[in-house]
Amino acid sequence: MSKQITVSGVRPTGKQHLGNYFGAVKNFVRMQDLFNGYFFVADYHSLTTHPNANDLREKSKNIAVVYLACGLDPDKCALYLQSDVPQIPELYLIFNMMAYLGELEREATFKEKVREQPNNVNAGLLTYPVLMTVDIIIHKAAKVPVGKDQQQHVEMSRDFVRRFNNLYGVQYFPEPEAFSFADKLVNVPSLDGEGKMSKSKPDHTCIYLEDEPDVIRKKLMRMVTDSGPKEPNSAKPLIIQNVFDMMELVSAKETIQHFEETYNNCTIRYGDMKKQLAEDMVTFLMPIREKIAELSANEKKVYEILGDGGSKARASASQTLKDVREIIGIKSF
Ligand code: ADP
Ligand code: TRP
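The structure presented is a predicted model; accordingly, all values stated were derived computationally and were not measured.

Chemist: Help me understand the overall build of the protein in this model?
Modeler: Counting secondary structure elements, the protein contains 14 helices and five strands. The globule rule puts the C-alpha radius of gyration for 333 residues at 20 Å, and the 22 Å found for the protein is close to it. Taking the principal axes of its C-alpha atoms as reference, the protein extends roughly 75 × 45 × 45 Å. Looking at the 333 residues of the protein, the share that counts as buried comes to 47%. Counting only carbon and sulfur atoms, one obtains 51% of the accessible surface of the protein, whose full area is about 16700 Å². Looking at the protein, you have 42 positive and 44 negative side-chain charges, and the mean spots of the two groups are 2 Å apart.

Chemist: Sorry if this is basic, but what is going on with the site of ligand 1 here?
Modeler: Lining the immediate surroundings of ligand 1 are 14 residues, of which His-17, Val-188, Lys-196, Ser-198 and Lys-199 lie closest. At a separation of 3.0 Å, a nitrogen atom of ligand 1 approaches a polar side-chain atom of Lys-196. Contact distances for ligand 1 include 2.9 Å between an oxygen atom and a side-chain N or O atom of Ser-198. Summarising the interface, the protein chains cover 86% of the accessible area of ligand 1, which totals 540 Å² for the free molecule.

Chemist: Just to check I follow, could you spell out the domain arrangement of the protein for this structure?
Modeler: Looking at the protein, the domain boundaries give domain 1 (5-187 + 298-328) and domain 2 (210-293). At the junction of the two partners, domain 1 supplies ten residues and domain 2 supplies eleven residues. Carbon and sulfur atoms make up 77% of the area that domain 1 and domain 2 hide from each other, which totals about 880 Å². By the criterion of area lost to domain 2, the three top residues of domain 1 are Leu-18, Phe-22 and Ala-69, representing 49% of everything that side buries. Summed over the shared surface of domain 1 and domain 2, the result is zero salt bridges.

Chemist: What exactly am I supposed to notice about the side chain of His-17 here?
Modeler: Inspection of the secondary structure puts His-17 in the loop between strand E1 (5-10) and helix H1 (18-34). What makes His-17 buried here is its relative accessible area of 3%. With residues up to four places along the chain from it excluded, the contact list for His-17 reads Met-197, Ser-198, Lys-199, Cys-206, Ile-207, Tyr-208 and Leu-209.

Chemist: Help me out: how do you make sense of the pairing of strand E3 (residues 77-81) in this one?
Modeler: Buried residues dominate E3, accounting for five of its five residues. Judged by which residues are buried, E3 turns out to be covered on both faces: Cys-77, Leu-79 and Leu-81 on one side and Ala-78 and Tyr-80 on the other are all buried. Bridge analysis of strand E2 (residues 36-41) against E3 gives five bridges, and the strand direction is parallel. Bridge assignment links Gly-37 to a residue of E3, and that residue is Cys-77.

Chemist: Please explain H1 as it appears in this structure.
Modeler: Given 3.6 residues per turn, any residue in an α-helix points the same way as the ones three and four places further on. Compared with an ideal rise of 1.5 Å per residue, which puts 17 residues at 24 Å, H1 spans 24 Å between its outermost C-alpha atoms and is within 8% of the ideal. In H1, a bend of some 35° at Val-25 exceeds every other bend along the element. All of the buried residues in H1 are Leu-18, Gly-19, Asn-20, Tyr-21, Phe-22, Val-25, Asn-27, Phe-28, Met-31 and Gln-32.

Chemist: Explain the packing of aromatic side chains to me, please; I cannot follow it from the model alone.
Modeler: What characterises a pair of aromatic rings is the spacing of the ring centres plus the angle enclosed by the ring planes. One pass over the full model with this rule turns up 14 aromatic pairs. Here the aromatic rings of Phe-40 and Tyr-80 are separated by 5.6 Å at their centres, their planes lie at 25°, and the arrangement is stacked. Of this pair, Phe-40 sits in strand E2 while Tyr-80 sits in strand E3, placing them 40 residues apart in sequence. In this structure Phe-40 comes out as buried when scored by relative accessible area, which is 4%. A connected cluster of aromatic rings, assembled from ring pairs, spans Phe-95, Phe-164, Tyr-168, Tyr-172 and Phe-173. Between the NZ or CZ atom of Lys-15 and the centre of the ring of Tyr-208, over which it lies, the distance is 4.3 Å. The lysine or arginine in question, Lys-236, covers the ring of Tyr-263, its NZ or CZ lying 5.5 Å from the ring centre.

Chemist: Would you take a moment to explain the site of ligand 2 for this structure?
Modeler: Taken together, 13 residues sit near ligand 2, with Arg-11, Tyr-128, Met-132, Asp-135 and Gln-150 positioned nearest. Arg-11 is positioned with one of its side-chain polar atoms (N or O) 2.9 Å from an oxygen atom of ligand 2. At 2.7 Å, a side-chain N or O of Tyr-128 approaches a nitrogen atom of ligand 2. Considered on its own, ligand 2 offers 370 Å² of accessible surface; in the complex 93% of this is hidden by protein. Mapped by element, the contributors of at least two residues to the shell around ligand 2 are E1 and helix H8 (128-137). The dominant element in the shell around ligand 2, judged by the number of residues it contributes, is H8, at four residues. Here the shell around ligand 2 is built from residues that sort into seven nonpolar, four polar and two charged.

Chemist: Help me understand empty space enclosed by the protein, please; the structure alone is not making it clear to me.
Modeler: Taken as a whole and assessed by the stated rule, the structure comprises one cavity of 30 Å³ or more. In this structure, the largest cavity encloses a volume near 30 Å³. Lining the largest cavity are Leu-191, Asp-192, Gly-193, Met-223, Val-224, Ile-239 and Asn-242. Of the residues assigned to the lining of the largest cavity, the class counts are four nonpolar, two polar and one charged.

Conventions adopted
Residues numbered from 1 in each chain as written. Chains lettered and ligands numbered in written order. Predicted model: local features only at pLDDT ≥ 70, side-chain atom pairs only at ≥ 80, totals over all residues. Heavy atoms only, no water. Helix = DSSP H or I, 4+ residues; strand = E, 2+ residues; numbered from the N terminus. Rg over C-alpha atoms; globule rule 2.2 N^0.38 Å. Buried < 20%, exposed > 50% of the residue type's maximum accessible area, 1.4 Å probe, protein only. Areas by Shrake-Rupley, 256 points an atom, 1.4 Å probe, with all protein chains shown as cover. Lys, Arg positive; Asp, Glu negative; His and termini not counted. Charge placed at Lys NZ, Arg CZ, Asp CG, Glu CD. Near = heavy atom within 4 Å. Polar contact = N/O pair within 3.5 Å; in protein donor to acceptor, adjacent residues only side chain to side chain. Domains from an automatic or database assignment. Contact = heavy atoms within 4.5 Å. Buried area = accessible area lost by both parts, 1.4 Å probe. Salt bridge = Lys/Arg side-chain N within 4 Å of Asp/Glu carboxyl O. Pairing = 2+ DSSP bridges. Expected span 1.5 Å × (residues − 1). Bend = angle between axes of the 7 residues up to and from the residue. Phe/Tyr/Trp six-rings, centres within 6.5 Å; stacked < 30°, edge-to-face > 60°. Lys NZ or Arg CZ within 6 Å of the ring centre and 35° of its normal. Nonpolar A, V, L, I, M, F, W, Y, C, P; charged D, E, K, R; others polar. 1 Å grid on protein atoms, 1.4 Å probe; cavity = no way out; pocket = protein on both sides within 12 Å on 5 of 7 lines; lining within 4 Å. Points joined across faces, edges and corners; volume = space filled by probe spheres on them.

In structure tokens form, the structure reads like this:
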């Protein structure tokens, strides 16, 4: 049986952090063995915020570097730049006819952006969910690994696809679904204990995959704790739970168990715990950081991989577009 198709993308907006790794990239790496995977850098999507050209180029390359460093294997999946697939903008034009103004205006991310950047409410921002739909269906993918924040977009893509299939009386596109490995939806906490780790928060609250060991140590040692439990087996306050949650990501089971026990019998020393966490984090990130450095020094290889990924993506996309042109009555000469 042929493998199911999966697509996911990320906007090249900045350095990748631990939350991006555990919430997204790690899943892609797992999925590349089980699915026919298309993973891309959503550079067209970034244009909504009018980035400077050099910045966009640099950040797009960096995303590819990080993905490869984290284990995406170009022999197992297609890794490409969205802008290398001209069939995407063509299908985007066609799918703009499937999307209504009212629903686009009601979409939560759009409303948030209108509040955040009132002087730049461009049409690309409004039709962002249409472009995202096309990214997915250009390969007729059904499974889309994304975080909770992207679920509404995937829901909208189902509506647009259903409309297309109904309008033309075909069952051509599968309805895309958000996907995660069901065991656990990861939420990597911010180091200041306020919500999730995010690149839009201050630098010291966020561990970047390329951070130097000493920077990692410093950031983790600054995690806020309290004076320790007063009663055996007490519930953990959020800030303490966060330290345990971070350990859960990178430390050995016995290590976690040791600190659970000392927490429960009130002998825990948070300084020791954070020191251990920092060492485990440094060990965990070391191979990724080394790979990032190695690939960053070999841009040619990275662009070659992206070039090959682009060819794979175009081959699949051009078949879809040929079918769609036929379905909607636009003849190719
Ligand atoms: P940021 O909040 O830093 O801007 P993005 O919105 O670019 O992150 O997220 C890219 C991907 O990483 C998404 O799939 C998102 O769900 C995931 N992600 C981001 N932050 C976290 C986090 N703290 N914990 C788990 N997953 C996260
Ligand atoms: N909108 C996604 C984000 O902001 C990025 C994205 C663009 C995407 N196209 C996609 C994700 C297609 C999954 C599938 O994170």
